Amino acid sequence: LGKAEDIFKQILAKHPKQPLARQHLANCMILNDKIPDAIAEFNIAHKMNPANPHRELVIANLYTALSQHNKATLGFQRFITKVMDTSRYSHGIAMNISISLLFSSLYVEDVQQQDDLVNQAKHKIYELSEVAKRGNADSDMEFNLLPTLGILSYISGDIKNALTVAYQIHHKNEPAVDFYT
């Protein structure tokens, strides 16, 4: 991987706007556990072509891996905005916005800001539950709803419900389809 990284860096030194080389370099960095460097490379590619929704999702997940949930939230929101009303849209990924907001609330010290983040997450959960009531949800949303409710229960001090949700997740035979599940 180190040699591959060097080759992609050499290509980019000669052709800095080569998006495929930049993407492959970022992928090598991910495999070498250089997540901040990979994010930097994806962000450079993103500045050259901001229309790529998949890159938004990759960047959001990388920020999640670094526990930078506020930045992850923005990335998930940008992805959902770009793919709304397309076949790429996923209610499960939309649910990740709520999860990121809830995790963000754990990392801020200001009580008002914590409350605001939790309330935003609750609002997103409500919006998506309304979609589910109309029968428009996908299986990803249903499965992602469980960790979201578990985290919300934990943050709210409802340990019994948080443990119940954890038990349900553990016993559900669903493949993990995204970062949080």
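Note: the structure precedes this text.
Source: prediction; values computed, not measured.

Asker: Pulling in residues and values, what's your account of unusual backbone geometry?
Answerer: The phi angle at Asp33 is positive, at roughly 60 degrees, despite the residue not being glycine. Within the secondary structure, Asp33 is located in the loop between α2 (19–31) and α3 (35–48). The phi angle at Asp85 is positive, at roughly 65 degrees, despite the residue not being glycine. Within the secondary structure, Asp85 sits in the loop between α5 (69–83) and α6 (91–106).

Asker: Can you lay out the packing of helix α1 (residues 2–14) against α2 for me, pointing to particular residues and giving the numbers?
Answerer: Geometrically, a packed helix pair is captured by the angle between its two axes and the distance between the axes. For the pair α1 and α2, interaxial distance at closest approach is 9 Å and the crossing angle is 150 degrees. By the angle class used here, α1 and α2 are roughly antiparallel. Crossing angle aside, the handedness with which α1 passes α2 is left-handed. On α2, the residues touching Ala4, Glu5, Phe8, Lys9, Ile11 and Leu12 of α1 are Ala21, Arg22, His24, Leu25, Cys28 and Met29. Within the contact of α1 with α2, the residues separate by chemical class into eight nonpolar, one polar and three charged.

Asker: Could you give an account of the nonpolar core, with specific residues and numbers?
Answerer: One finds Phe76 and Ile80 to be the most contacted residues of the largest nonpolar core, which totals 38 residues. When residues of this core are traced back to their parent elements, those giving at least two are α1, α2, α3, α4 (53–65), α5, α6, α7 (111–133) and α8 (139–155). Here the element with the most residues in this core is α6; it accounts for seven residues. Those residues in contact with Ile80 that sit more than four places away from it in its chain are Tyr89, Ser90, Ile93, Ala94 and Ile97.

Asker: Can you explain the packing of α2 against α3? Please cite residues and give values.
Answerer: At a closest axis distance of 8 Å, the pairing of α2 and α3 adopts a crossing angle of 165 degrees. When the axes of α2 and α3 are compared, the pair comes out roughly antiparallel. Both α2 and α3 take part in a crossing whose hand is left-handed. Where α2 approaches α3, its residues Arg22, Gln23, Leu25, Ala26, Asn27, Met29 and Ile30 are matched on the opposing element by Ile35, Asp37, Ala38, Glu41, Phe42, Ile44, Ala45 and Met48. Across the contact of α2 with α3, the residue classes tally to ten nonpolar, two polar and three charged.

Asker: How would you sum up the environment of Glu127? Please name residues and give values.
Answerer: Here Glu127 lies in helix α7. Given a relative accessible area of 34%, Glu127 falls into the partly exposed group. Once the C-alpha coordinates of Glu127 and Met95 are considered, the two residues, 32 residues apart in sequence, prove to be 9.8 Å apart.

Asker: Break down the environment of Pro19 for me, with residues and values.
Answerer: For Pro19, the position within the fold is in helix α2. Residue class for Pro19 comes out partly exposed when judged on its relative accessible area of 46%. Separated by 19 residues in the primary sequence, Pro19 and Ala38 place their C-alpha atoms 13 Å from one another.

Asker: Quick one: what's the story with the side chain of Thr73, residue by residue and with numbers?
Answerer: Within the secondary structure, Thr73 sits in helix α5. The class of Thr73 is buried, set by a relative accessible area of 5%. In this structure the side chain of Thr73 is engaged in a polar contact, spanning 2.8 Å, whose partner is the backbone oxygen of His69. For Thr73, the residues in contact, after removing those within four places along its chain, are Ile97, Ser100, Leu101 and Ser104.

Asker: Before we move on, can you summarise the pattern of salt bridges with the specific residues and values?
Answerer: In a structure, side chains of opposite charge can pair up when their charged atoms sit close to one another. Evaluated as defined, the whole model comprises six salt bridges. Among the salt bridges present, the one from Lys82 reaches Glu56, with a minimum N-O distance of 2.8 Å. Of this pair, Lys82 sits in helix α5 while Glu56 sits in helix α4, and the two are 26 residues apart along the sequence. Here Lys82 falls in the partly exposed class, since its relative accessible area comes to 32%. Of the charged contacts, one joins Glu127 and Lys124 as a salt bridge, the two residues approaching to 3.6 Å between their closest N and O atoms. Residue Glu127 and its partner Lys124 are both found in helix α7; the two are separated by three residues, about one turn of the helix. Taking the relative accessible area as the measure of exposure, Lys124 reaches 26% and is therefore partly exposed. Each of Glu5, Lys9 and Lys34 takes part in one network of salt bridges that share partners.

Cut-offs used in this document
Residues numbered from 1 in each chain as written. Predicted model: local features only at pLDDT ≥ 70, side-chain atom pairs only at ≥ 80, totals over all residues. Heavy atoms only, no water. Helix = DSSP H or I, 4+ residues; strand = E, 2+ residues; numbered from the N terminus. Axes fitted to C-alpha atoms, helices over the stretch in contact; angles between N-to-C directions. Parallel < 35°, antiparallel > 145°, perpendicular 65-115°, else oblique. Left-handed = near helix turned anticlockwise from the far one by under 90°. Contact = heavy atoms within 4.5 Å. Nonpolar A, V, L, I, M, F, W, Y, C, P; charged D, E, K, R; others polar. Core = buried A, V, L, I, M, F, W, Y, C linked by side-chain atoms within 4.5 Å. Buried < 20%, exposed > 50% of the residue type's maximum accessible area, 1.4 Å probe, protein only. Polar contact = N/O pair within 3.5 Å; in protein donor to acceptor, adjacent residues only side chain to side chain. Salt bridge = Lys/Arg side-chain N within 4 Å of Asp/Glu carboxyl O.

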